[in-house]
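# Overview (structure and organization)
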Amino acid sequence: MIDDALILYRAAAVRDSLDTNARPGAVAARHRMIRAAGDETSVLREVGKPDRIIDLGDVLLMPSMVNAHAHLDLTHQPRVPYNGNFIDWLKGVIQSRVTDEHAITAAVHDGLRMSYESGVRGLADIAGSPAALRALLLSPHDYDLLGQGFLEVTGFGKRGLEAAKAGGELLKHYRIEDDEIHLHRQGGASAFFTGLEPHAPYSTGREAYQYATTQLCCSTHLAETLEEAQFVRDATGPFADLLKRLGKWDDSIQPQGVSPVQYLRPHFEESKALDKPRWLVAHCNYVDDADIQTLADTQTSVAYCPVASDYFHHRNHRYRDMLEAGVNVCLGTDSIICQPEEEPQPLSILAQMRHLYRRDQTDPAQLLRMATNNGAVAIGERIVIGMLRPGRNDNFTAVRFDPHDETDPLIQVLLNHEPALSIGPSR
């Protein structure tokens, strides 16, 4: 049951992506909800005497982070160098992917544990099979994560539509309503809403995208490679050759003469017109100005996976142009396969923030928004995490820093190598 106590968390610094920035600072919480945050004097003036004080020491206390694009069922896959050929890499992953349900379950549960331990409490996971989805949604472990579980479907024409409908029927058995999520959280259990993920325009046809758009919340991989752009525009290239070799070519595949983003624009617009949850798309490594404007106009969220993007040798991602245009850009890890072997927290979003800060000198406050509030927006308004303000969930990310150093604690955290820690909830 939820602890009725009023708990005060003390830290050497407290910060979120909006207006909370105190050094030192404190956060008060009761009933698993934040009551106040800021400097301790102001917090105590607002909430009164706490029942319990938890002194976290020399840490920067931030909102819990959101991994907006993960493949947890690949957690046990070996991390291997990329040889420069995406299709060869993709075939290798498919061939080595485990199919035993017990192994899939173990991989997903390890992924959940690793996410939780690295300060990630919001998650959008792409389940590559029904077994992976079951492992995510029915996890017995006390990881207390919230988010979306998207079931991946592929296929063109009639086969794609049948796959999408079968996926939609399966998801009916796991659908969770808004009021149910609170019951899960009272017991400290994870709770995930469900959706469909037509895998990508080079593997999934218009029919599956249309069904997903009208039925469920949706995600997809988009504008990930130049080969994808060629396939959508001309119906030629390596992906077309691969589909033909595999016997999966369909007569419904036709040249579209547009970019992948413009190809899916009608589905983004339909979701907005139907007032459904907006699409969450991953990557967008190759977009032009018109594509960025389409993403902004349709309120489509983009999960940028910077470490994975560099792993695949993509360069000059336009995430800053997207943010300036009003696109909700958040952060993801993609899969563990894409993370450096030496990274101690490969499913950490802090690692993605550090990568961007060190590579691009991205504004630290912007990075924190991408890692927290933007991610929460992307995985759904019903997921009340990502900010240190009243009414938000009392789960936090903490990272050690040197309080005697006058440098901004957030910059210190982006430059040091201290692990992210998961703090809370009060219960």
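Structure: above.
Description of the structure in this document. (Residues numbered from 1 in each chain as written. Predicted model: local features only at pLDDT ≥ 70, side-chain atom pairs only at ≥ 80, totals over all residues. Heavy atoms only, no water.)

### A short note on the pairing of strand 11 (residues 191-198)
In terms of residue burial, strand 11 counts as a mostly covered element, since eight of its eight residues are buried. Residues Ala191, Phe193, Gly195 and Glu197 of strand 11 are buried on one face, and the alternating residues Phe192, Thr194, Leu196 and Pro198, pointing to the opposite face, are buried as well. Judged from the eight bridges that link them, strand 10 (residues 146-153) and strand 11 form a sheet pairing that is parallel. Its bridge partner lying in strand 11, Leu151 is registered against Leu196. Summarising the sheet, strand 11 and strand 12 (residues 217-222) pair through two bridges and their orientation is parallel. Residue pairing for strand 12: Gly195 is matched across the bridge by Cys217. In this fold, strand 11 hands off to helix 7 (residues 206-215), which returns the chain to strand 12; that crossover is right-handed. (Buried < 20%, exposed > 50% of the residue type's maximum accessible area, 1.4 Å probe, protein only. Helix = DSSP H or I, 4+ residues; strand = E, 2+ residues; numbered from the N terminus. Pairing = 2+ DSSP bridges. Right-handed = clockwise from strand over helix to strand, strands pointing away.)

### Description of the sheet that holds strand 1 (residues 7-11)
Picture the strands of a sheet paired through backbone hydrogen bonds; they go either parallel or antiparallel. Here four strands make up an open sheet; going across it, the order is 5-4-1-6 and the pairing mixed. In the strand order of this sheet, the two ends are held by strand 5 (33-38) and strand 6 (52-55), each with one partner. Ignoring which end each strand starts from, the neighbouring axes of this sheet average 20° apart. As paired strands, strand 4 (residues 25-30) and strand 5 are joined by five bridges and run antiparallel to one another. From the neighbouring strand, Val27 faces strand 5, where its bridge partner is Ala37. Sheet strands in contact with helix 1 (residues 40-47) are strand 1, strand 4 and strand 5, and its direction is about 140° off that of strand 5. (Axes fitted to C-alpha atoms, helices over the stretch in contact; angles between N-to-C directions. Contact = heavy atoms within 4.5 Å.)

### So, helix 10 (residues 260-273)
For helix 10, which comprises 14 residues, the first-to-last C-alpha distance of 20 Å matches the rise-based estimate of 20 Å (1.5 Å per residue) to within 8%. Of all the bends in helix 10, the largest measures some 35° and sits at Pro266. Burial in helix 10 covers these residues: Pro260, Val261, Tyr263, Leu264, His267, Phe268 and Ser271. Turning to helix 10, the residues buried within the fold contact helix 7, strand 12, helix 8 (226-234), strand 13 (280-283) and helix 11 (289-297). Once helix 10 ends, the next one or two residues include Asp275, with phi positive near 55°. (Expected span 1.5 Å × (residues − 1). Bend = angle between axes of the 7 residues up to and from the residue.)

### Describing the sheet that holds strand 2 (residues 13-15)
The sheet built from five strands is open, its strands ordered 3-2-7-16-17 with mixed pairing. Every other strand in the sheet has two partners, leaving strand 3 (21-22) and strand 17 (421-423) as the edge strands with one partner each. Sheet analysis places strand 16 (residues 396-400) next to strand 17, joined by three bridges and oriented antiparallel. Across the sheet, the residue bridging to Phe396 is Ile423, located in strand 17.

### Looking at the packing of helix 2 (residues 86-96) against helix 9 (residues 238-245)
Closest axis-to-axis distance for the helix 2/helix 9 pair is 10 Å, and the angle between their directions is 40°. One element, helix 2, and the other, helix 9, form an angle in the oblique class. The two elements helix 2 and helix 9 meet at a crossing, and its hand is right-handed. Between helix 2 and helix 9, the residues in contact are Phe86, Ile87 and Lys91 and Pro238, Phe239, Leu242 and Arg245, respectively. (Parallel < 35°, antiparallel > 145°, perpendicular 65-115°, else oblique. Left-handed = near helix turned anticlockwise from the far one by under 90°.)

### Looking at the nonpolar core
Counting 98 residues, the largest nonpolar core has Trp89, Leu112, Leu196, Phe231 and Met353 as the members making the most contacts within it. Tallying contributions element by element places helix 4 (residues 130-137) first for this core, with six residues. Filtering out sequence-adjacent residues up to four positions away, Met353 remains in contact with Met65, Leu331, Leu367, Leu368, Ala371 and Leu414. (Core = buried A, V, L, I, M, F, W, Y, C linked by side-chain atoms within 4.5 Å.)

### Thoughts on the packing of aromatic side chains
Scanning the entire structure with this criterion turns up 15 aromatic pairs. Judged by centre distance (6.5 Å) and plane angle (70°), the rings of Trp89 and Tyr311 are edge-to-face. Of this pair, Trp89 sits in helix 2 while Tyr311 is found in helix 12 (residues 306-311), placing the two residues 222 residues apart along the sequence. For the pair Trp89 and Tyr311, one class covers both residues: buried. Here Phe231 and Trp249 contribute two aromatic rings whose centre-to-centre distance is 6.5 Å and whose plane-to-plane angle is 85°, an arrangement assigned as edge-to-face. Here the residue Phe231 occupies a position in helix 8, and Trp249 occupies one in the loop between helix 9 and helix 10, the gap between them amounting to 18 residues. In this structure Phe231 comes out as buried when scored by relative accessible area, which is 4%. Since its relative accessible area comes to 26%, Trp249 is described here as partly exposed. An aromatic cluster is defined as three or more aromatic residues linked by ring pairs; in this entry it consists of Tyr82, Phe86, Trp89, Tyr202, Phe239, Tyr311 and Phe312. (Phe/Tyr/Trp six-rings, centres within 6.5 Å; stacked < 30°, edge-to-face > 60°.)

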